[in-house]
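Each chain is listed here by its residues.
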Amino acid sequence: MFSKLFQKVNLSPRHLDAEGRGVTSADLDPRVVLHYGIPSTASILAVDPIQGLLAVGTLDGRIKVIGGDNIECLLIYPKPVPFKNLEFLRNQGFLASVSNENEVQVWDLERRCLASNLQWESNITAFSLIYGTQYMYVGDEYGSLFVLKYNPQEGKLLHQPYHIPANAVAVLPQPCSLGNRMLIAYENGLLIVWDASQDSVVCVRGYKDLHVDNKTVVNSPNDMRHELSNDTSDNTSAEKDISSLCWASANGSILAVGYVDGDIILWKLSTDISAKDQPGKSSDNVVKLQLSSGSRRLPVIMLYWSEGRSSNDCGGHLFIYGGDAIGSEEVLTILSLDWSSGIENLKCVGRLDLTLNGSFADMILLPKSGVPGSRESTSLFLLTSPGQLHVYDDACLSTLLSEHERKSHAPAVQYPVVMPTVEPCMTVGKLSFVPGHGKATAFCETAMVSKLRLGQTPAMGRRKWPLTGGLPCKLSSAADNGLERMFIAGYEDGSVRIWDATNPTLSHVFVLESEVKGIEVAGVGASVSALDFCSLNLSLAVGNECGLICLYQLLGSSDDTNLHIVTKTEHEVRNLHQKNEPQCTALFSLLNSPIRHLQFLISGARLVVGFECGQVAAIDTSSLSVLFQTHCMAGTSSPLISLVVKTYLDCPYLVSHPKDSGFESSNDTGNGIISCLTKDAHIVVIDSATGSMISSQLTHPEESTAISLYIFESSASISSVSGEKHTLISPRNSEAKNEPAKPLDIEPDTPVRARYSEQMGLHVLLCCEDALYLTSLKAVILGDNDSIQKISLKKPCRWTTTLKKDEKECGLVLLCQSGDIVIRSLPELEMVGEYSLMSIVRWNLKANMDKEISSSDTGQLILVNGYEIAFISLLASENDFRIPDSLPCLHNKALAEDADAAAGFSPNQKKKQDTTLGILGGIIKGFSGGKMEHNVDLPEAQKTDLSHLDSIFSRVLFSDPSTFASDSQEVVELSIDDIELDGPLVVESSSSKSKAGKRDKETEREKLFEGANTDAKPKMRTPAEIMAKYRFAGDASAAAAHARDRLVERQEKLERISERSEELRNGAENFASMAQELAKRMENRKWWNI
């Protein structure tokens, strides 16, 4: 390694060519333009059943939104922090999330951005959305439950005045309550149903209700029957902290609660809106379930409920993670429950334990019809680490439950990724452009037919992908020119897959299998190691690790179905029956060495092949013959890692020497140079027409690993680039440097060497792990020891590529081992930008990731990380995908309007709908701010039915909503004479007040003003009217006596008011003292002893 660190190049003025094409910092804008696959850090799921969308939150601040027809979107939060809550504002086009830093966020799916965020000052312990509204419940560690509202017009999260003093770990809106009621769960096991419209507790459940005979559902170990056994054990000393819960009925009458000791309890709650729950101990209200009879069981981490197919709302499937014996195999348990004869007679009619493929992360349910609570069919999405999404449909689960087998290893249907990266493993990729003329027109038509046959959504066997959300973008016919770009990927199993990459929604076009039917050739099926595509003649070359080269013609023809098999000694032609799709035209097996480089020359008439052993071959693609094949590069045994071809048409600086009669015309695309680079930085230059060696140089003596080699044009001289000078070492003086080298058979005065040594304007850039070396092509050919420039790198490099503007190299991209992306301008190699993969796409650079990186000339990097693949655009001016015009729509407004219209049922239809539709469930995970999910019937999920919540939440607790309905309501002031202290004190309930308030409003005002006119405007009275009302009907002495009596009465009233105020103050102090003493006494007692 070099000891000298990177020194920034200071150029004043900047040395650019006449066109000024060096990249600058203003030209850069790294961003993710396309992303496919489930992130490996996925941890939480959310679903919008009406829109058919699935959201996947991660531990590093990303949210992946998945729909149908290959529609995927990646949302990235500025901070790499986990999400502990994730929920859709269903059918509204927004997604709500809560980060581990307690920030509440709302994402706009239509604009694909963060719409609003609100930093909470304390730890959020409970979070939930009210179905079909923009209202959210937020509970914090300080014992308060607040209400937030998202205003789409303003794009802001707004605090509402309404809040409840409740130290809750979970809150679930109760189904079929029109948003008025919520279930508040406390960590110690207390459950309260709160009615916000009445500001009162409707129902209370706690461990005290378990001091009766209850039923425990267990599995018989001898046979697979599910029995009910009485459990009358004393549980007063057991800790019953809640760990998860969900609704287990469509109307909110049954609640399933999981506890940290492994118990699952089904509570029967009140659903009567007009009546409160009557307290009392009854075995009809509670049933306990246990998955294992062991004394030590895992906490019930997650619960979900799916309605059964019966219409009586007395059964269904309970999905459970946890609750089994400690040390048992990690499974997901599904119980089929029925309580048609009453909750006290609950029966477990089936049990299934699904074996997980990986460590459990999350699960969620999606109804097939898109209607929450639908009994038609339900799909189970199961997320496991790292980033694996499995899908079970209702038919699969029903079949497994009917087999009466407790444990099942049924193969799950894994998420059908658009672009496979792991199974099979992607080894190489290339983004290629397709011209819009010539053969490409017919090829586009063939590709479109193939796309329709394969279908947009990846197949799931005989089952259809359940997500249907999103709308593909329909560009105008003028803008849509068919197939413009293709992404070609090679795989470890030898296959090649091709996608249409014209728009951000990729679609599968072709699959080229590794084997040709009826042909047996050594090396078939080996891992693909290199590929190249020629857009002019639509030829594809594929090389593998066994040295086999396959040539494909993407636009096949039924007239020519011959397959040429070429080896070192034979050339065999076979006639095969191939369709008019991509056809394999030739197989070349020249050398048993991995192929590291393939490159078509401009016309596609020749193919240059670089083998790992150092040999280079040229193939004539017209005659399907080998033009030449070199021997191993002399002077080195290091493997070949890079190969660059420059022809006359590539570079005008390469001109045919007039004195060289042995050379062909410059119009021959075969004439040029081939520069080869080995891992030990050995550069060999050969003639691309004859294969003769022109030059061989060992660039530097230090032990450093070479990465890549580039040859580009520039009018700037090498001396203008500041840096450390370095000496070239040729094989002739390698012995003096103790470098082993074989003698080269190169004559210094041959016409070939003399011709190329006169070429000017070409620079050679050698990229190594710790340094960059820049020199001229002439210096490399002549072995000039003093002209090379060296720039040491501060961070070791792993991979490089170049940027182009107007088909000319303008920048160098270096991917460092630290995961940073450094961009330098060419030819001055000045650093103009430095970014990190973590900030762009939240990836860390992993081992062998550099082997799967590909790039395009327009500044796009295609990177693979596990199950993910990302297209990163570096240049601000690059917009090949025509974003945002070509982006698919994530919110279907027409579907949302149809769903709103479908809610306009008649009262009888709504009543029937309420009894037939159910919920998928609500969930709390971890209770350090875990996720909750809950679905309700469709009519309740409409905003029009819940408009009354505005008046409820716009007031403070225990205040009449009507007082906040109008800001112009009259304020009445009473005098001391209007106060009646000795009369009977009547206290009305809040419910009676709300019912009689409107009816008695005018009567109360009349009594208050003694029948006076309630008009707010003052009325002028005549002296006669005043005298008639207030004149005393007696002499003056009697009037004075009457006034004196009134003053005495007033004084007595004031004294009684003072005494009553003092009593109230003393009573308040006594109450506060008693509350503090009670709190100290109850501090160490469990809630069930209260």
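Computed from a prediction, not measured in an experiment: that's the story for all the values here.

Asks: Quick rundown of the state of the cysteines? Include the residues and the values.
Replies: Under the definition given, this model contains zero disulfides. Free cysteine: Cys-889, not disulfide-bonded; nearest cysteine sulfur from Cys-473 at 9.3 Å. The class of Cys-889 is partly exposed, set by a relative accessible area of 27%.

Asks: So, the environment of Leu-380: which residues are in play, and what are the values?
Replies: Tracing the backbone through its elements, the reader meets Leu-380 in strand 29 (residues 378-385). Here the alpha-carbon distance between Leu-380 and Pro-367, two residues 13 residues apart in the chain, equals 8.9 Å. Aside from chain neighbours lying at most four places away, what touches Leu-380 is Phe-319, Leu-332, Leu-354, Met-363, Ile-364, Leu-365, His-390, Val-391, Tyr-392 and Leu-397.

Asks: If you had to explain unusual backbone geometry to someone new, which residues and values would you point to?
Replies: For the bond from Glu-423 to Pro-424, the omega torsion is 0°, close enough to zero to count as cis. Between Ile-883 and the following residue, Pro-884, the backbone shows a cis peptide bond with an omega angle of 10°. Summarising the element assignment, Pro-884 is placed in the loop between strand 62 (868-875) and helix 6 (893-902). One non-glycine residue, Asn-102, lies in positive phi territory at about 60°. As for its placement among the helices and strands, Asn-102 is situated in the loop between strand 7 (94-99) and strand 8 (103-108). Classification of Asn-102 as buried rests on a relative accessible area of 11%.

Asks: Tell me about the pairing of strand 43 (residues 595-600), and name the residues and values.
Replies: The pairing of strand 43 with strand 44 (residues 606-611) spans five bridges and is antiparallel. Pairing of Phe-600 across the sheet is with Leu-607, part of strand 44. Between strand 43 and the antiparallel strand that follows it, strand 44, lie five residues; Gly-604 among them carries a positive phi value of about 80°.

Asks: Describe the packing of aromatic side chains, naming the residues involved and giving the relevant values.
Replies: As enumerated under the stated definition, the model contains 13 aromatic pairs in all. Judged by centre distance (5.9 Å) and plane angle (90°), the rings of Phe-381 and Trp-465 are edge-to-face. Linking Phe-381 in strand 29 with Trp-465 in the loop between helix 2 (439-454) and strand 34 (485-491), this pair joins segments that are 84 residues apart in sequence. Comparing Phe-381 with Trp-465 shows no difference in burial state: the two are buried. Cluster of aromatic residues (ring-pair linked, three or more members): Tyr-135, Tyr-137, Tyr-162 and Phe-953. Taking NZ or CZ as reference, Lys-240 lies 4.7 Å from the ring centre of Tyr-259, over its face.

Asks: Let's hear about the pattern of salt bridges: which residues, and what values?
Replies: Applying the stated criterion across every chain, the model contains 29 salt bridges. Between Asp-29 and Arg-31 there is a salt bridge, with the nearest N and O atoms lying 3.8 Å from each other. Here Asp-29 falls in the partly exposed class, since its relative accessible area comes to 36%. Close ionic contact of Lys-430 with Asp-532 constitutes a salt bridge, the shortest N to O distance being 3.6 Å.

Asks: I'd like a rundown of the sheet that holds strand 34, residues and numbers included.
Replies: One open sheet accounts for four strands, arranged 33-34-35-36; its pairing is antiparallel. At either margin of the open sheet sits one strand with a lone partner, and together these are strand 33 (426-433) and strand 36 (507-512). Recorded for the sheet is a direction-independent mean angle of 20° between the axes of neighbouring strands. Strand contacts of helix 2: strand 34, strand 35 (496-500) and strand 36, with the helix running at about 100° to strand 36, the strand carrying the most contacts.

Asks: Could you give an account of the pairing of strand 48 (residues 672-678), with specific residues and numbers?
Replies: Buried residues dominate strand 48, accounting for seven of its seven residues. Residues Gly-672, Ile-674, Cys-676 and Thr-678 of strand 48 are buried on one face, and the alternating residues Ile-673, Ser-675 and Leu-677, pointing to the opposite face, are buried as well. Pairing analysis gives five bridges linking strand 48 to strand 49 (residues 682-687), with the strands arranged antiparallel. Residue pairing across strands places Ser-675 opposite Val-685, the latter belonging to strand 49. Between strand 48 and strand 49, which pair antiparallel in sequence order, lie three residues; one of them, Ala-681, sits at a positive phi of approximately 70°.

Asks: Got a sec to walk through helix 1 (residues 394-402)? Specific residues and values, please.
Replies: Each turn of an α-helix holds 3.6 residues, which means side chains three or four residues apart point in the same direction. Of all the residues in helix 1, the buried ones are Asp-394, Cys-396, Leu-397, Leu-400 and Leu-401. The buried residues of helix 1 all sit within an arc of 160° when viewed along its axis, so they share a single face.

Asks: Outline the side chain of Thr-421, listing residues and values.
Replies: Mapped onto the secondary structure, Thr-421 falls in the loop between strand 32 (413-414) and strand 33. From its side chain, Thr-421 meets the backbone oxygen of Gly-866 in a polar contact 2.5 Å long. Each residue touching Thr-421, except ones within four places of it in the same chain, is listed here: Met-426, Val-864, Gly-866, Tyr-867, Glu-868 and Ile-869.

Cut-offs applied
- Residues numbered from 1 in each chain as written.
- Predicted model: local features only at pLDDT ≥ 70, side-chain atom pairs only at ≥ 80, totals over all residues.
- Heavy atoms only, no water.
- Disulfide = S-S within 2.5 Å.
- Buried < 20%, exposed > 50% of the residue type's maximum accessible area, 1.4 Å probe, protein only.
- Helix = DSSP H or I, 4+ residues; strand = E, 2+ residues; numbered from the N terminus.
- Contact = heavy atoms within 4.5 Å.
- Pairing = 2+ DSSP bridges.
- Phe/Tyr/Trp six-rings, centres within 6.5 Å; stacked < 30°, edge-to-face > 60°.
- Lys NZ or Arg CZ within 6 Å of the ring centre and 35° of its normal.
- Salt bridge = Lys/Arg side-chain N within 4 Å of Asp/Glu carboxyl O.
- Axes fitted to C-alpha atoms, helices over the stretch in contact; angles between N-to-C directions.
- Arc of directions from axis to C-beta.
- Polar contact = N/O pair within 3.5 Å; in protein donor to acceptor, adjacent residues only side chain to side chain.

None of the figures reported here should be taken as evidence of function without further support.
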